[in-house]
Every structure is written in C-alpha cells, then in structure tokens.
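Chain residues, written in single-letter form:
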Amino acid sequence: MTETHATDPAESASPAFADLSLDARVLSTIEKMGYETPSPIQAETVPHLVAGRDVVGLAQTGTGKTAAFALPALTHMAADYDAGNLGSVPNTLVLAPTRELAIQVAEAFSSYAAQLEGISVLPIYGGAPYGPQLAGLRRGANVIVGTPGRVIDHMSKGSLDLSEIKHLILDEADEMLRMGFAEEVDKILAQTPDDKQVALFSATMPKAIRRISEDYLSDPVEVSVKAKTTTSANIRQRFVFIKHHAKPEALVRILETEPHDAAIVFVRTRSATEEVANKLSARGFRAQAINGDIPQNLREKTVEGLKAGRIDVLVATDVAARGLDVERISHVFNYDIPLDTESYVHRIGRTGRAGRSGEAILFVTPREKRMLRSIEKATRQPVEQMNLPTVADVNASRLERFSERITQTLSSEDLEEYRDLVTSYVAEHNTPAEDVAAALVAMVHDGRPLLLDEQGDDELARAAAQSFDRDDRGPRGDRGDRGPRGNKSGPPSADPGNAIYKIAVGKKDGVNPGHIVGAITGEANLRGNQVGSINIYPTFSLVELPESLSPQQLDALSTARVGGRALRIEKDSGPHGDGGGRSKREGGFRDKKRGGFGSDRPFKKKDRKPRWKDS
Ligand code: AMP
C-alpha cells in the first residue's frame, strides 16, 4: 500500500538541513552554496530517501527536486566510499526527458558532490557524438544522467553497465512519457537490479505514471505538499518576464519609476542577498541585506533602520524575513521565484500591512512559467503582466524627482547665504548664473550622469520577453538561474560583455560601493549603469565592468584614488591569481572550468586517488 504524506508547511515547522541525516560533507557543501532551509519537497522526501525508501514526489521544476534526490544518493555513495564499497561502475542513474535537463541535473549533482572528491558525474544524451560519451563511460562515472533513448543505445552497445545500480531516479516522469519514452523507461527499469532504490518525480500523476509506480516501485512513500493559499485582496500582484542576467537592471528600473516607500526583495540564497544589496547600493539606493547568517542583534538594527526610514530596500531570504511586520513596506519583489506557492503567499504578505495597499512584483524567467501558473492556480488570483520601464520612463522620473528636490529646497531652506555666494561668483567670473547652477548640479551628482543613455534599452528589451504566452512551456534549456552565473555560493560572475576587475581598496580603507562607482565613472568616462556588481572584501574589491575597457581607461583607473589609495585595477584572475590572499570566507572563486559540460567530460574532480575523509 502507498503511504501518502500531504503536509501543510504552515502547520509544521520546517526541519533544518542538519536534521536530515545527510553526509557531513554534503551538508557543508549546500550550506556553502547558501541554501538556508530545505524546500518543502526536500523536507518531505529526503528523510525517506536517506532511509532507503522508494519515493514518488509530485513536484515541478523550480521546487528544489534535484537536490531532493541528489543529496540522499550522494549521502549513500559517500558511506559506500568510506566503507571501500564504491567501485567505478555506475551507482546512480537519473533519467531525464531532455538533453538540457540531463546537463543541468548533472551540473547540480556535481556541485552537491563538491567535497566528495573522486566522485564523477556524466551526462549522456541524444543528438551528440558517441565518442566523448564512450570515453567518459570507459573512464568510469558514479552518476549517469541520461536521456532514455541514449541510455538504451549505450546499454545495447555494451558501453553502459547498469548491473550495480543502487539508485534510479526518474526526473520529470510525466514529461518523459509525453515525449514518447514509455517503452525505453520500462526497458531500463526492467534491466536494472531489483534491489535498487527508485525515486520518481513528476509534476502530474496520470495513469501511466501510476502504473510505472505500481510496477517498479516497492512500497513507495508518496509526497505532495499542500500549500496555504490565501492572498490578501489589497495587494496588487504583477509579474515581469525576464532573463536571469537582466534582473538587477530590471529591479533598479522598477524602483526608479514606481513610487514606493520601502521595499523588500526576496532572493533564494544568502550570497544573493549580499550581491543584490551591493548592486542596489552602487546605484544609489539605501539597501541592506538580511539573511540567516546575520546575527539577531544586527538583524534587529536593520529592521529598525527600515522602520525609521534609514533603509529603503531590504534584500532578504525567506528565513530572514519571517514575521517581518513593517508598515512602510509598499513593495515586495520576488526577485527569485519562491520554491513553493506557500512561500509566495508569505512573502507578499509582508506588504499591505495595517490595511494599506501593497504591490507584489514577481520576476519570472523563461523556465519558470510553470511556477507562475501554479502560483496563480494555488492563490486563485491572476497575476498580471507588467512591462519593464524603458530608459525614457526612468529618465522622466529622474527629471521629475530632480525638479521636485529643487522646488522643495527652494521652499524649505534658508538660501540667503548661498545666494550671496552665487551672486559674487557670477560677478567675479563673469559667468551666467545658469552655468553656475549647472556646475552645482554636476557637483551634486558627483560625476554621475543624471540621465541614462537610451542605448541601454536594447539590451534589456532583448532580455525581457517581447511576447509572453502563458501556455507556452518555454525553452526547457533556459535554466538561467543555474548556468555558469548561477554559482550563488561564490563571488560575482559577470554578465555577458562584462568582466570582473579587482581593485586594491577594500573594507579596511572604509570604502562603500558609492565611493567606488564615483571614482570609476569619474576617471574612466563610464556611465553609472556600466558598473555592475561590486563586492567589497577586507583588502580589495571586485567590480563588474565592461570587458572591453580601453588602455586609456585602464590607465586612468589604475591611478584613480578612493580614500587616498590608488585603485590599481586589474582583471581578476581568481584566488590563485591574487597570491592566495583570498580566503574561502572572502568568497574565493570556485573553478568554473571544473566539469565543463561543453566537453562531454565526466566531472572528475581529481585524477589522483580520491580522499574524502574530513580532516
Ligand atoms: P530545481 O527544482 O531542482 O530545478 O531547483 C530550482 C532552484 O532552486 C535551483 O537553482 C537550486 O539551486 C535552488 N534550490 C534548490 N533547493 C534550494 C534550497 N533549499 N534553498 C535555496 N535554493 C535552492
């Protein structure tokens, strides 16, 4: 008989990752990646999978299901390895409907295995030459992630040995059947050892999936997560369809054009809170990050700052924002889509407090359309699409705010003394008062242009969808939030066309992002919007700038000074390039070349004999 668990997460406190009996190295890896709490599907399935049970999980893309099946399998493999029982024959087979999903699952598996040196993951999929896959299989891989057709091909060629498979995972099972892989899936399931553990993940549960579950899973635990679904009527809900890399610019534009009081921006990981808050500070917003790592007293101070109006934008993870009740919050941004509809409801409930109205804006990347649909279904409320503000909109609102400031200053301040100053300057230098006023405006803006360059529109227009069809399932390959830039545990990675530069000033010089942007735009003739993320470390900082800076710009920048110190700018070459001075705590680069997918190479960490023991 099938045991069914339907949990309302609002009623039961979510467990911590540390409570899930995962291998210590796996646990430490996901903590470093910035995952704070298990998503509902993880909380519900991981304990059963670790205990060896078969599991049927009803879950869509974007809910964290990859970690739900990968972490327990890696935990078992680590134990086998420690006991000397893990050979080079495949131990875990994941079947995925498409090449893109196979690649992404392999990538995720490999990053969760980062501290299990010697474990290798190999994606094998159709439409690619056999040679590299055969070579990878010959070298030996512990985890194979494959599309069903290609797996069958390798089985019949004798190049894939499934006789030792301990874990078999069917990912997006309904999709595999829809794509006509029923026969292949049956064949693979039938030809793997009887005592393997099977996990089946599917967004829906049609009869054919039920049949597979009955035929091939033994006494499975069935998990579905029931969501709390009430949203308050005084909150207007909108979404923006946007590619992952364009989110920071989209956020800034909306904040610049939407009249708002305070805002809370929800992101998925600790590291993203810092990254996004830094980007906002660099663009002149009073933004602060809060996450589970920040001590309680500092968190309280930040919330006080938000209440008192010293901070306007809080960038938070779900955990850190729990229970936050600040009337000023007029806007909630779901910058990263939540992992379940229940957190969506909790998140947007941070606005519209005390009978006020509120605005909830959700960023949806192409692969997250299904999540949008499930949010609408669960909350039984349509989420309306909003267009991204154009550069012209931003400039119009900047001009409006600028003239408001002038009007306000004229009416509220005693300007007598300053007027005398200007009058005597005009007389002494024979300069028109308009020119003096213009120079003062430039001084106020500290070298930053008041208006954006209209060219910026093209790039954002490309990143946003021209037309959005809610029923279109979207390109499966676009897992924008986990590509090479998606290394959320690490330091910044650059948008296309940009590069990360290192400058020789850091926290110890008392710099803030505003100082850095000021110096860079002032000296190198760059616009403020060409400066991307800024990460400030104790002795240096990393700044995202256009890849193609001219030698003159680089020259000007290397002698430019902040806080009395020269920037000495150079392209960043990662932790090895800086004399080993960047500690892990400071967020040393992870080697992005490791496990490059383009190469079809297995994800072998090291060729030397693996050593996994904690030291
Ligand atoms: P998936 O549904 O497996 O495609 O995962 C969706 C995204 O959520 C991926 O970018 C994961 O890295 C991320 N993710 C998965 N689990 C967690 C978690 N517990 N906390 C934060 N992010 C997570």
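Residues numbered from 1 in each chain as written. Predicted model: local features only at pLDDT ≥ 70, side-chain atom pairs only at ≥ 80, totals over all residues. Heavy atoms only, no water.

## Quick word on the overall build of the chain
Secondary structure assignment for the chain yields 22 helices and 21 strands. In the chain, 78% of the contacts between residues at least 6 apart in sequence involve partners at least 24 apart. (Helix = DSSP H or I, 4+ residues; strand = E, 2+ residues; numbered from the N terminus. Contact = heavy atoms within 4.5 Å.)

## Brief notes about a negative patch on the surface
There is a patch of like negative charges on the surface, built from Glu-413, Asp-414, Glu-417 and Asp-420. Looking at the element boundaries, Glu-417 is found in helix H17 (residues 416–429). Since its relative accessible area comes to 61%, Glu-417 is described here as exposed. (Patch = residues over 30% accessible without salt bridge, like charges linked within 9 Å, V, L, I, M, F, W, Y side chains within 5 Å. Areas by Shrake-Rupley, 256 points an atom, 1.4 Å probe, with all protein chains shown as cover. Salt bridge = Lys/Arg side-chain N within 4 Å of Asp/Glu carboxyl O. Lys, Arg positive; Asp, Glu negative; His and termini not counted. Charge placed at Lys NZ, Arg CZ, Asp CG, Glu CD. Buried < 20%, exposed > 50% of the residue type's maximum accessible area, 1.4 Å probe, protein only.)

## Observations regarding the side chain of Asp-174
Relative to the helices and strands, Asp-174 resides in helix H7 (residues 173–178). Setting aside chain neighbours within four positions, we find Asp-174 in contact with Ser-202, Ala-203, Thr-204, Pro-206 and Ile-209.

## Focus on unusual backbone geometry
Residue Asp-219 is not a glycine yet carries a positive backbone phi of 45°. Here Asp-219 lies in the loop between helix H9 (207–216) and strand S8 (221–225). A positive phi angle, near 50°, is found at Asn-430, a position not held by glycine. Positionally, Asn-430 belongs in the loop between H17 and helix H18 (433–444).

## Things to note about the sheet that holds strand S12 (residues 313–316)
Spatially, seven strands are ordered S11-S12-S10-S13-S14-S9-S15 in an open sheet, and the strand pairing comes out parallel. What marks the edges here is a single partner per strand, and that holds for strand S11 (287–290) and strand S15 (384–385). Pairing of strand S13 (residues 329–334) with strand S14 (residues 358–364) involves four bridges; the strand directions are parallel. The residue of S14 that forms the bridge with Phe-333 is Ile-361. (Pairing = 2+ DSSP bridges.)

## Here we look at the nonpolar core
Leu-74, Phe-109 and Tyr-112 are the most contacted members of the largest nonpolar core, which has 44 residues in total. Secondary structure elements with two or more residues in this core: helix H1 (24–32), helix H2 (40–50), helix H3 (65–82), helix H4 (99–112), strand S5 (143–146), strand S7 (197–202) and S8. No other element matches H3, which puts ten residues into this core. Not counting chain neighbours up to four residues away, the residues in contact with Tyr-112 comprise Val-26, Thr-29, Ile-30, Met-33, Tyr-35, Thr-66, Ala-67, Ala-70, Leu-71 and Leu-74. (Core = buried A, V, L, I, M, F, W, Y, C linked by side-chain atoms within 4.5 Å.)

## A few points about the site of the ligand
Near the ligand lie 18 residues; those nearest to it are Tyr-35, Gln-42, Gly-62, Gly-64 and Thr-66. For the ligand, a nitrogen atom lies 2.9 Å from a polar atom in the backbone of Thr-37. Here the ligand, which alone exposes 500 Å², has 95% of that area covered by the protein. Residue classes in the shell around the ligand are distributed as four nonpolar, eight polar and six charged. Summarising the domain contributions, the shell around the ligand has at least three residues from each of domain 1 (3–225) and domain 2 (235–388). (Near = heavy atom within 4 Å. Polar contact = N/O pair within 3.5 Å; in protein donor to acceptor, adjacent residues only side chain to side chain. Nonpolar A, V, L, I, M, F, W, Y, C, P; charged D, E, K, R; others polar. Domains from an automatic or database assignment.)

## Overview of the environment of Leu-170
Following the sequence through the fold, Leu-170 ends up in strand S6 (residues 167–170). For the pair Leu-170 and Pro-148, spaced 22 residues apart in sequence, the C-alpha separation works out to 9.9 Å. Not counting the four nearest positions on each side in its chain, Leu-170 is found in contact with Leu-95, Met-176, Val-185, Leu-189, Ala-199, Leu-200, Phe-201 and Ile-212.

## A look at the confidence of the model for the chain
Scored by pLDDT, the chain has a mean of 82; 82% of the residues are at 70 or more. Here residues 6–12 scores under 50 on pLDDT; set against residues more than four positions off or in separate chains, the count is twelve contacts. Low pLDDT (under 50) marks residues 576–615, which in the prediction has 94 contacts with non-local residues, meaning those over four places away or in another chain. (pLDDT = per-residue confidence, 0-100.)

## Here's the deal with the packing of aromatic side chains
Across all of its chains, the model carries six aromatic pairs by this definition. Taking the centre distance of 6.1 Å and the plane angle of 70° together, the rings of Tyr-35 and Tyr-112 count as edge-to-face. Of this pair, Tyr-35 sits in the loop between H1 and H2 while Tyr-112 is found in helix H4, placing the two residues 77 residues apart along the sequence. Overall, Tyr-35 belongs to the partly exposed group, its relative accessible area being 22%. For Tyr-112, a relative accessible area of 3% gives the class buried. The aromatic ring of Tyr-130 is capped on one face by Lys-157, whose charged end is 4.4 Å from the ring centroid. The ring centre of Phe-540 lies 5.1 Å from the NZ or CZ of Lys-502, which sits over that ring. (Phe/Tyr/Trp six-rings, centres within 6.5 Å; stacked < 30°, edge-to-face > 60°. Lys NZ or Arg CZ within 6 Å of the ring centre and 35° of its normal.)

## Structural notes on the packing of H2 against H3
Look at H2 against H3: their axes get within 9 Å of each other, and the N-to-C directions meet at 25°. Regarding the angle of H2 to H3, the classification is roughly parallel. The two elements H2 and H3 meet at a crossing, and its hand is right-handed. Every residue of H3 that contacts H2 at Ile-41, Gln-42, Thr-45, Val-46, Leu-49 and Val-50 is listed here: Lys-65, Ala-67, Ala-68, Phe-69, Pro-72 and His-76. Residues that form the contact of H2 with H3 fall into these classes: eight nonpolar, three polar and one charged. (Axes fitted to C-alpha atoms, helices over the stretch in contact; angles between N-to-C directions. Parallel < 35°, antiparallel > 145°, perpendicular 65-115°, else oblique. Left-handed = near helix turned anticlockwise from the far one by under 90°.)

## A closer look at the sheet that holds strand S17 (residues 534–536)
The pairing of strands in a sheet happens through backbone hydrogen bonds and is either parallel or antiparallel. Strand order in this open sheet of four strands is S17-S18-S16-S21, and the pairing throughout is antiparallel. Edge positions in the sheet fall to S17 and strand S21 (570–571), since each of these pairs with one other strand and no more. In the sheet, strand S16 (residues 498–503) pairs with S21 via two bridges, with the strands oriented antiparallel. Paired with Tyr-501 across the two strands is Lys-571, which belongs to S21.

## A word on the pattern of salt bridges
Applying the stated rule across the entire model yields 27 salt bridges. For Arg-236, the salt bridge identified is with Glu-359, shortest N-O distance 2.9 Å. Highlighted residues: Arg-236 in strand S9 (residues 235–241) and Glu-359 in strand S14, separated in sequence by 123 residues. According to the relative accessible area criterion, Glu-359 is buried, its value standing at 16%.

## With respect to the environment of Val-326
Relative to the elements of secondary structure, Val-326 occurs in the loop between helix H13 (318–321) and S13. Non-local contacts of Val-326, meaning those with residues more than four positions away in its chain, are made with Val-303, Leu-306, Lys-307, Arg-350 and Arg-353.

## Focus: the pairing of strand S3 (residues 92–95)
Where burial is concerned, the two faces of S3 agree: the one with Thr-92 and Val-94 and the one with Leu-93 and Leu-95 are both buried. One ladder, built from four bridges, connects S3 with S5; its direction is parallel. Opposite Leu-95, over in S5, you have Gly-146 as the bridge partner.

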